[in-house]
Amino acid sequence: MKVVAFNGSPKKEGNTFQAIRMVADELEKEGITVEIVHVGDKVIRGCMACGGCYKNGDSHCVMKNDPVNEYIDKMIEADGIILGTPVHYASVGGTMKSFLDRAFYAIASDKLRHKVGAAVVAVRRSGGIPTFNQLGNYLNYKEMLVPSSNYWNVIHGAMPGDVQKDEEGKQIMRVLGKNMAWSLKLVELGRDKVSKPEQEDKVRMNFIR
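Residues numbered from 1 in each chain as written. Predicted model: local features only at pLDDT ≥ 70, side-chain atom pairs only at ≥ 80, totals over all residues. Heavy atoms only, no water.

## Here's the deal with helix H4 (residues 94–106)
- Over its 13 residues, H4 runs 18 Å from end to end, which matches the ideal 18 Å to within 8%, given 1.5 Å per residue.
- Looking at the buried side of H4, the elements it contacts are strand S1 (2–7), helix H2 (52–56), helix H3 (68–77), strand S3 (80–86) and helix H5 (128–141). (Helix = DSSP H or I, 4+ residues; strand = E, 2+ residues; numbered from the N terminus. Expected span 1.5 Å × (residues − 1). Contact = heavy atoms within 4.5 Å.)

Here it is, written out as structure tokens:
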């Protein structure tokens, strides 16, 4: 099994990376491969709301001049996904949000359904919970299976490496990694034994009277 993790921090090995690494360590102990992709240092523009990806139906964004489609392919191939971001003004980092908006809109509804997805947040002081909830919106929208920890998946630290002093945060990441590994194994073991619920076509609101 394989998990792909996306580091939304501009810093390659800052606190967000280190939080992801804590989760990854637990996954790797269970024989699960983890690839960490650095997103936060890339130039990725936001969604243009052109509808081209929906029209093409190929799970790719029509903008081809950045790595978004490469990252989409990694998500589709993986068994599990980790979304990690620092907190910028009580919100997801801008580059990470641009990537997520385009990727999760472009990917066909069945491609991530029932994969295991988790979110982790690194913050200096405040804004961790709103940011964590924002990441969860992407996972929930695609009907992913979201393992929990023993608290919200937020770890604290200002300078790179400070998260190593947050003992509660480190435990949160360890427990998340263990629960994610367990969830991945349950999905794998039950794949041919338990039938998936039938996927329903999306119903959209209609305000025409």
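That shown, we press on.
## Topic: the pattern of salt bridges
- In total, this model carries 13 salt bridges according to the counting rule given.
- Here Glu30 ties to Lys185 by a salt bridge, and the two come within 2.5 Å at their closest N and O atoms. With Glu30 in the loop between helix H1 (15–29) and strand S2 (33–38) and Lys185 in helix H6 (residues 167–190), this residue pair connects regions lying 155 residues apart in the sequence.
- Assessed through its relative accessible area of 42%, Glu30 is described here as partly exposed. (Salt bridge = Lys/Arg side-chain N within 4 Å of Asp/Glu carboxyl O. Buried < 20%, exposed > 50% of the residue type's maximum accessible area, 1.4 Å probe, protein only.)

## Concerning the sheet that holds strand S5 (residues 154–156)
- Taken in spatial order, the five strands make up an open sheet running S2-S1-S3-S4-S5, and their pairing is parallel. The sheet is open, and its two edges are formed by S2 and S5, each paired on a single side. Strand after strand, the sheet turns through a mean of 20° between neighbouring axes, direction not considered.
- Note: strand S4 (residues 116–123) against S5, three bridges, orientation parallel. Bridge assignment links Val121 to a residue of S5, and that residue is Val154.
- The sheet strands contacting H1 are S1, S2, S3, S4 and S5, and the helix crosses S3 at an angle near 155°. (Pairing = 2+ DSSP bridges. Axes fitted to C-alpha atoms, helices over the stretch in contact; angles between N-to-C directions.)

## Observations concerning the nonpolar core
- Grouped together as the largest cluster of nonpolar side chains are 34 residues, with contacts concentrated most on Phe6, Met75, Leu83, Phe99 and Phe104.
- Looking at this core, the elements that each hand over two or more residues are S1, H3, S3, H4, S4 and H5.
- Considering every element that reaches this core, the biggest residue donor is H4, with six residues.
- Setting aside residues no more than four positions away along its own chain, Phe104 makes contact with Met75, Leu83, Leu112, Tyr138, Leu139, Tyr141, Lys142 and Met144.
- Ala5, Leu27, Val34 and Ala122 belong to the second largest nonpolar core, which has 23 residues in total. (Core = buried A, V, L, I, M, F, W, Y, C linked by side-chain atoms within 4.5 Å.)

## Considering the packing of aromatic side chains
- In this structure the tally under the stated criterion is five aromatic pairs.
- Note on Phe6 and Phe99: the rings are 5.0 Å apart at their centroids and 50° apart in plane angle, and the pair reads as tilted. Taken together, the residues span a long stretch of sequence, with Phe6 in strand S1 and Phe99 in helix H4 at a distance of 93 residues. By the burial criterion, Phe6 is buried, and Phe99 matches it.
- Within the aromatic cluster, the residues linked to one another by ring pairs are Phe6, Tyr71 and Phe99. (Phe/Tyr/Trp six-rings, centres within 6.5 Å; stacked < 30°, edge-to-face > 60°.)

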